[in-house]
Amino acid sequence: MSVITSLGAVGVAYLVGSLSFAVIVSRAMGLSDPRSYGSGNPGATNVLRSGNKAAALLTLVFDALKGYVPVVAALWLAPRFGWGEPTVGAVGLAAFLGHLWPVFFRFQGGKGVATAAGVLLALNPWLGLATLASWALVAGFTRYSSLAAIVAAAFAPFFQMLGWGATPVLLPITVMSLLLVWRHEGNIRKLLAGTESRIGQKAAPTAPPHGHTAGHGGGHPHSHSKRKH
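Please read all numbers here as calculations on a predicted model, not as lab measurements.

Parameters and conventions
- Residues numbered from 1 in each chain as written.
- Predicted model: local features only at pLDDT ≥ 70, side-chain atom pairs only at ≥ 80, totals over all residues.
- Heavy atoms only, no water.
- Phe/Tyr/Trp six-rings, centres within 6.5 Å; stacked < 30°, edge-to-face > 60°.
- Helix = DSSP H or I, 4+ residues; strand = E, 2+ residues; numbered from the N terminus.
- Buried < 20%, exposed > 50% of the residue type's maximum accessible area, 1.4 Å probe, protein only.
- Contact = heavy atoms within 4.5 Å.
- Axes fitted to C-alpha atoms, helices over the stretch in contact; angles between N-to-C directions.
- Parallel < 35°, antiparallel > 145°, perpendicular 65-115°, else oblique.
- Left-handed = near helix turned anticlockwise from the far one by under 90°.
- Nonpolar A, V, L, I, M, F, W, Y, C, P; charged D, E, K, R; others polar.
- Core = buried A, V, L, I, M, F, W, Y, C linked by side-chain atoms within 4.5 Å.
- Expected span 1.5 Å × (residues − 1).
- Arc of directions from axis to C-beta.

## Some words on the packing of aromatic side chains
Turning to step 1, where the next piece is worked out: Applying the stated criterion across every chain, the model contains four aromatic pairs.
Turning to step 2, where the next piece is worked out: Between Trp101 and Trp182, the aromatic rings sit 6.2 Å apart at their centres with planes inclined by 35°, giving tilted as the arrangement. Here Trp101, found in the loop between helix H5 (85-100) and helix H6 (113-123), pairs with Trp182, found in helix H9 (residues 170-183); they are 81 residues apart in sequence, far enough to count as distant.
Turning to step 3, where the next piece is worked out: Trp101 sits in the partly exposed class, given a relative accessible area of 30%.
Turning to step 4, where the next piece is worked out: Measuring from ring centre to ring centre gives 5.6 Å for Phe155 and Phe159, while their planes differ by 25°; the resulting arrangement is stacked. Residue Phe155 and its partner Phe159 are located together in helix H8 (residues 145-164), separated by four residues, close to a single helical turn.
Turning to step 5, where the next piece is worked out: The partly exposed category is assigned to Phe155, whose relative accessible area is 40%.

Listed below in structure tokens is the structure:
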């Protein structure tokens, strides 16, 4: 019975993670689809390039919550259904995978930074805060959100190992970290080439994904720079 409920919890977490709030918030606020400009990534950093800080903040909060809430719910329900740490960790990973490959948005998702942060904060608040602190330090000094995310992702498994050992949640944390770095492959190339956009820098429209138009949602980015991200 616990196996069935565990699989059910993982499935629900994936569906929650599949809610692409960058797109949902942008549509609700009459902005362009975030997949149609800048990096084309449906995440808070790219939404910020539209010039609408409120939309970016809402995207950040909801993307984090969709990682945080499923894990907290799993922890709360664990005694009732006999779930152990592996199930709770799998729930967090499923929410993260939903963000990367959302079933509701043709599996075209974001990079998962905010959602991963939400998962880590729910699994272990101290681990989450340590990882966020590493992100904030790098972002503050360099103004590169992508570089900060890559460094934070690389450090997260080591923080877990050093602080709490090789518990069952280490595996999903490591998988999330590897996927985060992989999803930033394009950013790594731009960082090396010196063409990466900094935090808050507006970017020009990019080619929208198949089936989407740049004007979807009824709005347009406020301004554009000459360099794409």
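## Thoughts on the side chain of Ser6
Turning to step 1, where the next piece is worked out: As for its placement among the helices and strands, Ser6 is situated in helix H1 (residues 2-17).
Turning to step 2, where the next piece is worked out: By relative accessible area, which is 12% here, Ser6 ends up buried.
Turning to step 3, where the next piece is worked out: If sequence neighbours within four positions are ignored, Ser6 has contacts with Trp83 and Thr87.

## Some thoughts on unusual backbone geometry
Turning to step 1, where the next piece is worked out: Phi angles above zero are rare outside glycine, and Arg106 is one such case at about 55°.
Turning to step 2, where the next piece is worked out: Structurally, Arg106 can be placed in the loop between H5 and H6.
Turning to step 3, where the next piece is worked out: One non-glycine residue, Phe107, lies in positive phi territory at about 60°.
Turning to step 4, where the next piece is worked out: According to the relative accessible area criterion, Phe107 is partly exposed, its value standing at 47%.

## Digging into the packing of helix H4 (residues 53-81) against H5
Turning to step 1, where the next piece is worked out: Across the interface, H4 lies against H5 with an axial gap of 9 Å and an inter-helix angle of 160°. The orientation of H4 relative to H5 falls into the category roughly antiparallel. Considering the relative orientation of H4 and H5, their crossing is right-handed. Here Asp63, Lys66, Gly67, Pro70, Val71, Ala74 and Leu75 of H4 come into contact with H5, specifically with Val88, Val91, Gly92, Ala95 and His99.
Turning to step 2, where the next piece is worked out: Residues belonging to the contact of H4 with H5 are distributed by class as follows: seven nonpolar, three polar and two charged.

## Some words on the packing of H8 against H9
Turning to step 1, where the next piece is worked out: Their axes nearest at 8 Å, the elements H8 and H9 cross at an angle of 165°. Considered as vectors, H8 and H9 are oriented roughly antiparallel to each other. In this structure, the crossing between H8 and H9 has a hand that is left-handed. Along the contact surface, H8 presents Ile150, Ala153, Ala156, Pro157, Gln160 and Met161, while H9 presents Leu170, Ile173, Thr174, Ser177, Leu180 and Val181.

## Things to note about the nonpolar core
Turning to step 1, where the next piece is worked out: If you look at the biggest cluster of nonpolar residues, it comprises 25 residues, and the most contacted ones within it are Phe96, Leu120, Ile173 and Met176.
Turning to step 2, where the next piece is worked out: The set of elements that each furnish at least two residues to this core consists of H1, H4, H5, H6, H8 and H9.
Turning to step 3, where the next piece is worked out: Setting aside chain neighbours within four positions, we find Leu120 in contact with Pro125, Leu127, Gly128, Thr131, Ala156, Ile173 and Met176.
Turning to step 4, where the next piece is worked out: One finds Ala22, Val25, Val47 and Leu48 within the second-largest nonpolar core, a separate group that totals nine residues.

## Some remarks on H1
Turning to step 1, where the next piece is worked out: For H1, with 16 residues, the first-to-last C-alpha span of 22 Å sits near the 22 Å given by 1.5 Å per residue.
Turning to step 2, where the next piece is worked out: By the burial criterion, the buried members of H1 are Thr5, Ser6, Ala9, Ala13 and Gly17. Across the axial projection of H1, the buried residues extend over an arc of 115°, all falling on one side. Among the exposed residues of H1, those pointing more than 90 degrees away from its buried face are Val3, Ile4, Leu7 and Val12.
Turning to step 3, where the next piece is worked out: The secondary structure elements touched by the buried residues of H1 are H4 and H5.

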